[in-house]
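Single-letter residue listing:
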Amino acid sequence: MEQALLISVDELWLKGKNRDDYFEIMREHLREYFIFHQVGVFTLRNQGQRFLCEFKGPNKMIPDHLINGIRLLPGLHTIIPVECVIERTMDAIFASAQRSVLKRKAQKWPFTFKVETYRTDKKFPMTSMEISRELGHQILESFSELKVDVHRPDFLIEVFIESEKILVASEYFRAMGGLPIGTAGHAVTLISGGIDSPVASYFMAKRGLAQTFVFFHAYPYVGDEVKEKIIKLVSLLAPSHR
């Protein structure tokens, strides 16, 4: 089993001639983030209007803290952990979906579900509707407690039929949104121990503004506890500015 991340860029559809530039800036931010967090060998390639990031090495499970950090990078819409199915068969797709159901079963049981398929590889012998119908049928046969709800399911299984491999997803994480850092210039941000400046910094970062933080430590009039608070605040904002 190999895991990867399918990462969607936010507001890309708003951009005309700048679209390719914004996309490449976001790619560089993601690459720098993965290098900073020492994830090892990885590949980052275009998947339509998204990025597909695959991790190489003995540990192919994606840690939660890595996903939570990516969610704080401005310019991203959603992060979707996916399983890469090498064999292009319904049995292999079902095996991946079955693991997702069993994982969900440990949290909540029973529940409703829905299968959605996106087929960009038109050479695959089944249509998107046929894949969704067959996979849903196999899941119902294996887990009789489940029910299908095509309108408001508790659990959504998504299948992406690509030319090179098949991706199966069962959860997604909403990211920060906005524009990539650096697309709106650079500013010096005065940071204090209150709530106003960190919130303002967050929203400026979300609109693509790169920032350098400045804090005036008025020692001995204020103690080291204020400095420690500032360090913690900046560390929380830091993923947005790397």
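Refer to the structure printed above.
Residues numbered from 1 in each chain as written. Predicted model: local features only at pLDDT ≥ 70, side-chain atom pairs only at ≥ 80, totals over all residues. Heavy atoms only, no water.

Q: Now, about the nonpolar core: what can you tell me, with residues and values included?
A: Among the nonpolar cores identified, the biggest contains 24 residues, and Leu5, Leu30, Phe34, Phe51, Phe55, Ile70 and Leu76 are the most heavily contacted of them. Of all the secondary-structure elements, those providing two or more residues to this core are β1 (2-9), α1 (19-36), β2 (42-47), β3 (50-55), α2 (64-70) and β4 (76-85). Among the elements that make up this core, the one with the highest residue count is α1 (6 residues). Phe111, Val115, Phe124 and Ile166 belong to the second-largest nonpolar core, a separate cluster that totals 22 residues. (Core = buried A, V, L, I, M, F, W, Y, C linked by side-chain atoms within 4.5 Å. Buried < 20%, exposed > 50% of the residue type's maximum accessible area, 1.4 Å probe, protein only. Helix = DSSP H or I, 4+ residues; strand = E, 2+ residues; numbered from the N terminus.)

Q: Hey, could you go over the state of the cysteines for me, with residue numbers and the actual values?
A: Two cysteines, two sulfur atoms, one covalent bond between them: this is a disulfide. Applying the stated criterion across every chain, the model contains 0 disulfides. For the unlinked cysteine Cys53, the closest cysteine sulfur is that of Cys84, found at 10 Å. Taking relative accessible area as the criterion, Cys53 reaches 0% and is therefore assigned buried. Among the residues examined, Cys84 registers a relative accessible area of 8% and is labelled buried. (Disulfide = S-S within 2.5 Å.)

Q: Go over the packing of helix α3 (residues 90-105) against helix α4 (residues 128-142), please, and point to the residues and values.
A: It is the contact of α3 with α4, at a shortest axis distance of 10 Å, that shows an interaxial angle of 55°. Judged on the interaxial angle alone, α4 and α3 are oblique. Where α3 crosses over α4, the handedness of that crossing is right-handed. Mapping the contact onto sequence places Met90, Ile93, Phe94, Ala97 and Val101 in α3 and Ile131, Glu134, Leu135, Gln138, Ile139 and Ser142 in α4. (Axes fitted to C-alpha atoms, helices over the stretch in contact; angles between N-to-C directions. Parallel < 35°, antiparallel > 145°, perpendicular 65-115°, else oblique. Left-handed = near helix turned anticlockwise from the far one by under 90°. Contact = heavy atoms within 4.5 Å.)

Q: Explain the packing of aromatic side chains to me, using residue names and the numbers behind them.
A: In this structure the tally under the stated criterion is 9 aromatic pairs. Each residue in the set Tyr33, Phe34, Phe42 and Phe55 is aromatic and connected to the rest through ring pairs, giving one cluster. Between the NZ or CZ atom of Arg104 and the centre of the ring of Phe111, over which it lies, the distance is 5.6 Å. The ring of Trp109 carries the charged tip of Lys105 above its face, separated from the ring centre by 4.8 Å. (Phe/Tyr/Trp six-rings, centres within 6.5 Å; stacked < 30°, edge-to-face > 60°. Lys NZ or Arg CZ within 6 Å of the ring centre and 35° of its normal.)

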